[in-house]
Amino acid sequence: MGLMKVFSGSEVLAMGLQEKLEEAGVTTMKKDNIQSARLGGFGNADLAVELFIQETDFAKANPVIEEFRMSI
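Residues numbered from 1 in each chain as written. Predicted model: local features only at pLDDT ≥ 70, side-chain atom pairs only at ≥ 80, totals over all residues. Heavy atoms only, no water.

A short note on helix 3 (residues 58-71)
Helix length check: helix 3 (14 residues) gives 19 Å between terminal C-alpha atoms against 20 Å at 1.5 Å per residue, within 8%. Burial in helix 3 covers these residues: A61, V64, I65 and F68. The buried residues of helix 3 occupy one face: seen down the axis, they fall within an arc of 105°. Those residues of helix 3 that are exposed and angled more than 90 degrees off the buried face are A59, E67 and M70. Buried residues along helix 3 sit in contact with strand 1 (3-9), helix 1 (11-23) and strand 3 (49-54). (Helix = DSSP H or I, 4+ residues; strand = E, 2+ residues; numbered from the N terminus. Expected span 1.5 Å × (residues − 1). Buried < 20%, exposed > 50% of the residue type's maximum accessible area, 1.4 Å probe, protein only. Arc of directions from axis to C-beta. Contact = heavy atoms within 4.5 Å.)

Here it is as structure tokens:
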């Protein structure tokens, strides 16, 4: 059982997908590389926010992820 990255992009889009996944009963973990870089004393505009889910939740999450991708 491990984590699987399902999204990498802007914070606004990541929050939208995270909300939809959690509504579907899929627990998510968000890694905010932008915030981490800022707190570390260096910034980089190319860094992104990443969303992870448990591999075991992929079957439940995949339809939500595909619908989200088609809507953006």
